[in-house]
Amino acid sequence: MNARRPFMDSGFRIEIDRTVCDAYGTCAELLPELITLDEWGYPIIAAGNIPEPLLNHARQAVESCPIVALRLAKVPTPQAETRPDRQTGVPPWPPRPPQQTPRKSMPRKR
Amino acid sequence: MTARLLSGPALNLGAEPYDAHRQRLGALPGKAERAGLIPAIEAAGLLGRGGAGFPVGRKWASVAGRSKGQAIVLANGAEGEPMSMKDRVLMATRPHLVLDGVELAADAVGAKKAVLYIGSEHAGARVAMEAALRERPRVVDTRIVTPPVSYAAGEESAAVRFVNKGDPRPVTVPPRPFEKGIDGKPTLVQNVESLANAALIARYGAAWFREAGRAETRGTALVTVSGVTTPGVLEVELGTTLADLAAWTGGTASVGSPVLLGGYFGSWVAGPDAWQMPLDPAALRARGLAFGCGVVGFMGDSACGVAATARIMDYMAGSSAAQCGPCVYGLRAVADATARVATFAAHPDDLRRLRGWTESLVGRGACRLPDGTVGLLRSALTVFETDWAAHTAQRRCQVRA
Ligand SMILES: Cc1cc2nc3c(=O)[nH]c(=O)nc-3n(C[C@H](O)[C@H](O)[C@H](O)COP(=O)(O)O)c2cc1C
Ligand code: SF4
Ligand code: SF4
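Residues numbered from 1 in each chain as written. Chains lettered and ligands numbered in written order. Predicted model: local features only at pLDDT ≥ 70, side-chain atom pairs only at ≥ 80, totals over all residues. Heavy atoms only, no water.

1. Here's the deal with the overall build of chain B
- Of the regular secondary structure elements, chain B holds 17 helices and 9 strands.
- Computed over its C-alpha atoms, the radius of gyration of chain B comes to 21 Å, within 12% of the 21 Å expected for a compact globule of 401 residues.
- Relative to its 401 residues, chain B shows a buried fraction of 59%.
- Look at the contacts in chain B between residues 6 or more apart in sequence, and 69% of them connect residues 24 or more apart.
- Accessible surface, chain B: about 14900 Å² in total, of which carbon and sulfur atoms supply 53%.
- Across chain B, the 44 positively charged side chains and the 36 negatively charged ones have centroids separated by 5 Å. (Helix = DSSP H or I, 4+ residues; strand = E, 2+ residues; numbered from the N terminus. Rg over C-alpha atoms; globule rule 2.2 N^0.38 Å. Buried < 20%, exposed > 50% of the residue type's maximum accessible area, 1.4 Å probe, protein only. Contact = heavy atoms within 4.5 Å. Areas by Shrake-Rupley, 256 points an atom, 1.4 Å probe, with all protein chains shown as cover. Lys, Arg positive; Asp, Glu negative; His and termini not counted. Charge placed at Lys NZ, Arg CZ, Asp CG, Glu CD.)

2. Points about the site of ligand 3
- If you check the shell around ligand 3, you find B:Pro170, B:Ser320, B:Ala321, B:Ala322, B:Gln323, B:Cys324, B:Cys327, B:Gly365, B:Ala366, B:Cys367, B:Leu369 and B:Pro370 and nothing else.
- Class assignment for the residues of the shell around ligand 3 results in 9 nonpolar, 3 polar and no charged. (Near = heavy atom within 4 Å. Nonpolar A, V, L, I, M, F, W, Y, C, P; charged D, E, K, R; others polar.)

3. Topic: the site of ligand 2
- In the vicinity of ligand 2, 13 residues are found, and the nearest of them are A:Cys21, A:Tyr24, A:Gly25, A:Cys27 and A:Cys65.
- Counted by class, the shell around ligand 2 contains 10 nonpolar, 2 polar and 1 charged residues.

4. What to know about helix 4 (residues 56–64) of chain B
Residues and elements named next belong to chain B.
- Within helix 4, the full set of buried residues consists of Val-56, Gly-57, Lys-59, Trp-60 and Val-63. For helix 4, the angular spread of the buried residues around the axis is 160 degrees, confining them to a single face.
- Looking at the packing, one finds that the buried side of helix 4 touches helix 3 (37–44), strand 1 (71–77), helix 6 (95–109), helix 8 (156–165), strand 4 (187–191) and helix 9 (192–209). (Arc of directions from axis to C-beta.)

5. Structural notes on the packing of aromatic side chains
- According to the stated counting rule, one finds 9 aromatic pairs over all chains in the structure shown.
- Ring geometry for A:Trp93 and B:Phe265: centres 5.0 Å apart, planes at 40 degrees, overall tilted. Here B:Phe265 lies in the loop between strand 7 (259–261) and strand 8 (267–269) and A:Trp93 lies in the segment after strand 4 (70–74), a pairing that spans two chains. Taken as a pair, A:Trp93 and B:Phe265 share a single burial class, namely buried.
- An aromatic cluster is present here, built from A:Trp93, B:Tyr151 and B:Phe265 joined pairwise through their rings.
- The ring of A:Phe12 carries the charged tip of A:Lys74 above its face, separated from the ring centre by 4.9 Å.
- A cation sits over an aromatic face here: B:Arg4 above B:Trp208, 3.8 Å from the ring centre. (Phe/Tyr/Trp six-rings, centres within 6.5 Å; stacked < 30°, edge-to-face > 60°. Lys NZ or Arg CZ within 6 Å of the ring centre and 35° of its normal.)

6. Topic: the domain arrangement of chain B
All names here are of chain B.
- Its domain assignment divides chain B into domain 1 (11–210), domain 2 (220–298) and domain 3 (305–394).
- Each of domain 1 and domain 3 has a C-alpha centre, and these two points are 33 Å apart.
- The interface of domain 1 with domain 3 comprises 9 residues on the first partner and 8 residues on the second.
- Buried surface at the junction of domain 1 and domain 3, both sides included, amounts to about 830 Å², of which 63% is carbon and sulfur.
- When the area that domain 1 buries against domain 3 is broken down by residue, the three leading residues are Tyr-151, Arg-169 and Pro-170, summing to 48%.
- For the interface between domain 1 and domain 3, the tally reads 0 salt bridges. (Domains from an automatic or database assignment. Buried area = accessible area lost by both parts, 1.4 Å probe. Salt bridge = Lys/Arg side-chain N within 4 Å of Asp/Glu carboxyl O.)

7. Some remarks on the packing of helix 14 (residues 325–342) of chain B against helix 17 (residues 385–394) of chain B
All names here are of chain B.
- Close contact between helix 14 and helix 17 brings their axes to 8 Å; oriented N to C, the two are set at 75 degrees. With respect to their mutual orientation, helix 14 and helix 17 come out roughly perpendicular. Note on element contacts: helix 17 touches helix 14 through Trp-388, His-391 and Thr-392, opposite Thr-338, Val-341 and Ala-342.
- Within the contact of helix 14 with helix 17, the residues separate by chemical class into 3 nonpolar, 3 polar and no charged. (Axes fitted to C-alpha atoms, helices over the stretch in contact; angles between N-to-C directions. Parallel < 35°, antiparallel > 145°, perpendicular 65-115°, else oblique.)

8. Considerations on the sheet that holds strand 3 (residues 141–145) of chain B
Residues and elements named next belong to chain B.
- Reading across from one edge, 3-2-1-4 is the order of the 4 strands in this open sheet, with parallel pairing throughout. The open sheet has two edge strands with one neighbour each: strand 3 and strand 4. With strand direction ignored, the average angle separating the axes of adjacent strands in the sheet is 20 degrees.
- When strand 2 (residues 111–118) meets strand 3, the two strands line up parallel, connected through 5 bridges. Bridge pairing in strand 3 links Ala-114 to Thr-142. (Pairing = 2+ DSSP bridges.)

9. With respect to the nonpolar core
Residues and elements named next belong to chain B.
- Among the nonpolar cores identified, the biggest contains 50 residues, and Ile-41, Trp-60, Val-73, Leu-90, Val-109 and Leu-116 are the most heavily contacted of them.
- Elements with a contribution of two residues or more to this core: helix 3, helix 4, strand 1, helix 5 (86–93), helix 6, strand 2, helix 7 (123–135) and helix 9.
- Here this core gets 10 residues from one element, more than from any other, and that element is helix 9.
- What Val-109 contacts, discounting residues up to four positions off in sequence, is Trp-60, Val-63, Ala-64, Arg-66, Ala-71, Val-73 and Leu-188. (Core = buried A, V, L, I, M, F, W, Y, C linked by side-chain atoms within 4.5 Å.)

Okay, here's the thing in structure tokens:
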């Protein structure tokens, strides 16, 4: 594991192609800790990287999607980030709400 | 007002011809001096003018820093924002400044081809750019592509998809256009005003660029002002206030009345404080606002903010490129609920649900159309708080009684 990463961080995140997702919802069934469904049945994915203990479940959830809308993506460390928009110091646009309320299903912050 | 991009002949004379442009501003710097252009743009602190305000120099550097192959430049003049006119005015009156910027950008990032991406409704701009292309030596192989009228067509991944496949709908990123864009090549997508600014920095340098500006962020910006006696496009120093803009354009709204800043992707602001705050990207960011594409819409005292917001929500729901579930269903639900409130027919939990959607729809689309839409809604719920309450609880409008 990369020493620069926080403890228990798998270094992966779930990425979704929202133009493809058709609200089948199997992902949320297999990974309720990180994926909930909104009122129309579309997934809400917890922000941030997948905690190490959930990585296997996450992999299963990703593979369960019948139309391959999900993928696991390796997250570069901030030092290795090449995408300019993910480098630090660039504010999001449009601005985000003040603080996003953490959802109950989110694993606790260490 | 500080004329830089728009200095020179009066705007109503139309496009400035190539000869006049060269005489007024001089030729572009030669190869040797151009080597320092990317650092100069970074030193100038030029931020993108398409909305997101991303540092221009950093974007050029990342496209230039790719390992191999040709890049492509896409000059974004889609201007799908209904309240903005600045890009079409710039293209229609100073086409050669934009083309200078394209030429410099192509040189800096290693591109031989460029695309001018001009909204099909902006006929005047397109004609001026076509004529300008014919007037000057063809240094970069440049063609014009005209996307249909649509809010999302100006989003960078949609622009690339339209050029490649004729479909102006955003795609899920990554890969982002700067990695894999037109013809699969790294593509620098840059707003036309950003490019025009680069053409001035190349001639006069970063120190000159930084002479303008009243607050932290330096330089000038084009703004589109509406709801005043003489609406239109102005060039102002960053850090100018709403009060100044109102004074210069014959604004009749009383000081502190609501203003829509940034257009349909922006925020409502109100109050005497707001009229005095510097329109400076950094200062606005600290307040949770954004300069966006420079739209300033004065609402006036007799208009209803709830009704105005409902109209915008409806427009945005209709602008969804209908690909992503949360955008399709979410924005429709937002538009329906705001329409009910505006027409005094709110369901009991409409306000609560609207508040919830301002958070739950953020980041839920392939592009940021939902984010921008609910961002505006969020500001409307705060700025017009008592109006929403009156519309739902008492079923009446406080403004238009
Ligand atoms: C829904 C949406 C619509 C957009 N429309 C435009 C547009 O019409 N013109 C534009 O220059 N940028 C538009 N953008 C921003 C572009 O994606 C891109 O950031 C910009 O063209 C980059 O240029 P800049 O860095 O010079 O601003 C839009 C973005 C979104 C999310
Ligand atoms: S399983 Fe796939 S299609 Fe179904 S909700 Fe999850 S991501 Fe969408
Ligand atoms: S978020 Fe909306 S506008 Fe953007 S790609 Fe998805 S459906 Fe289209």
